[in-house]
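Geometric and topological summary
Residues per chain, in single letters:
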Amino acid sequence: MTLPNKTGHFGEFGGRFVPETLIAALDELEKNFKKLKSDKKFKEELHFYLTEYAGRPTNLYFAKRLSRHFKKLKVYLKREDMLHTGAHKINNTVGQILVAKHMGKTRIIAETGAGQHGVATATVAALFGLKCRVYMGTEDIERQALNVYRMKLLGAEVFPVHAGSRTLKDAMNEAIRDWVTNVRDTFYVIGSVAGPHPYPFMVREFQSVIGREARRQILAKEKKLPDYLVACVGGGSNAMGLFHAFFNDKKVKMIGVEAAGLGINTKHHSATLTQGSIGVLHGSKSGLLQDNDGQVEIAHSIAAGLDYPGVGPEHAYYKSIGRAQYVSINDKEALKALRLLSELEGIIPALESSHAISYLEKLARKVKSRSLVIVCLSGRGDKDMAQLKI
Ligand SMILES: *Cc1c(COP(=O)(O)O)cnc(C)c1O
């Protein structure tokens, strides 16, 4: 069975909860994407930009000193941090900009949290000479100043959002509002496996290059499949990108690491699947942090890219069928892991990716025998240096 089904559902999750004015636009997008996805010329074009421009394939790097540190784990890092613009986000924006171009759209909008998706979108908009506006919460504008500067340099307009928690959720609300108003000429580039159908499906397809490469690479290097896949989960695109190609490899265990922020027993975390309940946000049904009245709660994480109260519907589905397990790592633990990887391997990971690295310590204590692990190193940490105050 391949998912999503015809109505864009993964089990009970996903779907399309949007104003009526967007239904036709989503239908049009779905039709175009499905056609292009198997079009030979489109595939060649996508391959060209992923390899020549973005820097694929990324290395699957054996982290020797990190593995020695954890003793019972043999750890490989999928180096998405080596990509142009510094994170996995470019896999998706390259794909979506090509779809936009084929659909004849002239204006690009996006939402951004950490600013990584905003930068990745501004980058490809510049590459194709399209007008670009990026919605960003003012809280994030402050803590990710470097990325704001990059987006502006790339010719994008960074539109500040003062509403709500002034983070990713609010930026996405504004972007959806813009799209409703300007749907004829505007293409909305969503940055994760979230949003109404076909976005979770489309973004998964563009990101699943991560797992397809990793599967091939680990088989070449180790002659066997890994025991564990570990990836951080904000909206869930780097994790789904890694997981998807292994879905039918039943022995490969998948672990999604959410942000526990100041602690899952406080109100300041982003652990949607481990602590939330089922609800609707940004056009799809999935896990959600909400209060007893169904009001969306404010998420928190030291990693701006994980600071989101929702999660992609396919993850909610993987959790519901037991295909993946979801855990959480707090701010302090993530910071510790950032230093650990920097000191042991000379690789400074993004704060987001540091959550996945941190979970290895808990995993090492849990495994019975020496285990083979692939961690998705979703991005590099340069953008976070100002926040570390070292
Ligand atoms: C945006 C981002 C994430 C979180 O987004 P997902 O859709 O969950 O992958 C993780 N790591 C980095 C480096 C990011 O920029």
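**A few points about the site of the ligand**
Around the ligand sit 17 residues, and of these K89, S192, G236, S237 and S378 come closest. With respect to the ligand, the backbone of G234 contributes an N or O atom lying 2.8 Å from an oxygen atom. In the model, an oxygen atom of the ligand is placed 2.7 Å from a nitrogen or oxygen of the S237 side chain. For the ligand, whose unbound accessible area comes to 380 Å², protein coverage reaches 96%. Given that more than half its atoms are within 2 Å of the pocket grid, the ligand belongs to the largest cavity. Here the shell around the ligand is built from residues that sort into four nonpolar, 11 polar and two charged.

**Digging into the pattern of salt bridges**
Inspection of the entire model under this criterion finds 31 salt bridges. Across the pair R56 and E213 runs a salt bridge whose closest N-O atoms are separated by 2.8 Å. Taken together, the residues span a long stretch of sequence, with R56 in the loop between α2 (40-54) and β3 (60-62) and E213 in helix α10 (residues 209-222) at a distance of 157 residues. A salt bridge links R204 to E205, with the nearest nitrogen and oxygen atoms 2.8 Å apart. Its relative accessible area of 4% is what places R204 among the buried residues.

**A few points about empty space enclosed by the protein**
Tallying each qualifying case throughout the model produces three cavities of 30 Å³ or more. Put simply, the largest cavity is a space of about 350 Å³. Lining the largest cavity are 34 residues, with K89, G191, S192, G235 and G305 positioned closest to its centre. Contributions of two or more residues to the lining of the largest cavity are made by β5 (107-112), α5 (116-128), α8 (168-182), α11 (237-243) and α15 (351-366). Looking at the lining of the largest cavity, its residues break down into 11 nonpolar, 18 polar and five charged. The computed volume of the second largest cavity comes to approximately 70 Å³.

**Looking at the pairing of strand β10 (residues 253-261)**
In terms of burial, β10 is largely enclosed, as eight of its nine residues are buried. Relative to β10, strand β9 (residues 228-232) is paired through five bridges, and the arrangement is parallel. Residue pairing for β10: A231 is matched across the bridge by G256. Running through α11, the crossover from β9 to the neighbouring parallel element β10 is right-handed.

**Overview of the layout of surface pockets**
One way to see where empty space is left: roll a probe the size of a water molecule over the atoms. What the largest pocket holds in volume is close to 450 Å³. Lining the largest pocket are 17 residues; nearest its centre among them are L46, H47, L50, V209 and R212. Of all the secondary-structure elements, those providing two or more residues to the lining of the largest pocket are α1 (20-37), α2, α9 (199-207) and α10.

**Examining the sheet that holds β5**
On the basis of which strands lie adjacent, the open sheet formed by four strands has the order β7-β6-β5-β8 and parallel pairing. The open sheet is flanked by β7 (157-161) and β8 (186-189), the only strands paired with a single partner. Going across the sheet, the axis of each strand differs from the next one's by a mean of 25 degrees, ignoring polarity. Note: β5 against β8, four bridges, orientation parallel. In the sheet register, R107 faces β8, and the bridge partner there is T186. Lying on the sheet, α5 is in contact with β5, β6 (131-137) and β8; it crosses β5 at an angle near 165 degrees.

About the criteria used
- Residues numbered from 1 in each chain as written.
- Predicted model: local features only at pLDDT ≥ 70, side-chain atom pairs only at ≥ 80, totals over all residues.
- Heavy atoms only, no water.
- Near = heavy atom within 4 Å.
- Polar contact = N/O pair within 3.5 Å; in protein donor to acceptor, adjacent residues only side chain to side chain.
- Areas by Shrake-Rupley, 256 points an atom, 1.4 Å probe, with all protein chains shown as cover.
- 1 Å grid on protein atoms, 1.4 Å probe; cavity = no way out; pocket = protein on both sides within 12 Å on 5 of 7 lines; lining within 4 Å.
- Sits in = over half its atoms within 2 Å of the grid points.
- Nonpolar A, V, L, I, M, F, W, Y, C, P; charged D, E, K, R; others polar.
- Salt bridge = Lys/Arg side-chain N within 4 Å of Asp/Glu carboxyl O.
- Helix = DSSP H or I, 4+ residues; strand = E, 2+ residues; numbered from the N terminus.
- Buried < 20%, exposed > 50% of the residue type's maximum accessible area, 1.4 Å probe, protein only.
- Points joined across faces, edges and corners; volume = space filled by probe spheres on them.
- Pairing = 2+ DSSP bridges.
- Right-handed = clockwise from strand over helix to strand, strands pointing away.
- Axes fitted to C-alpha atoms, helices over the stretch in contact; angles between N-to-C directions.
- Contact = heavy atoms within 4.5 Å.

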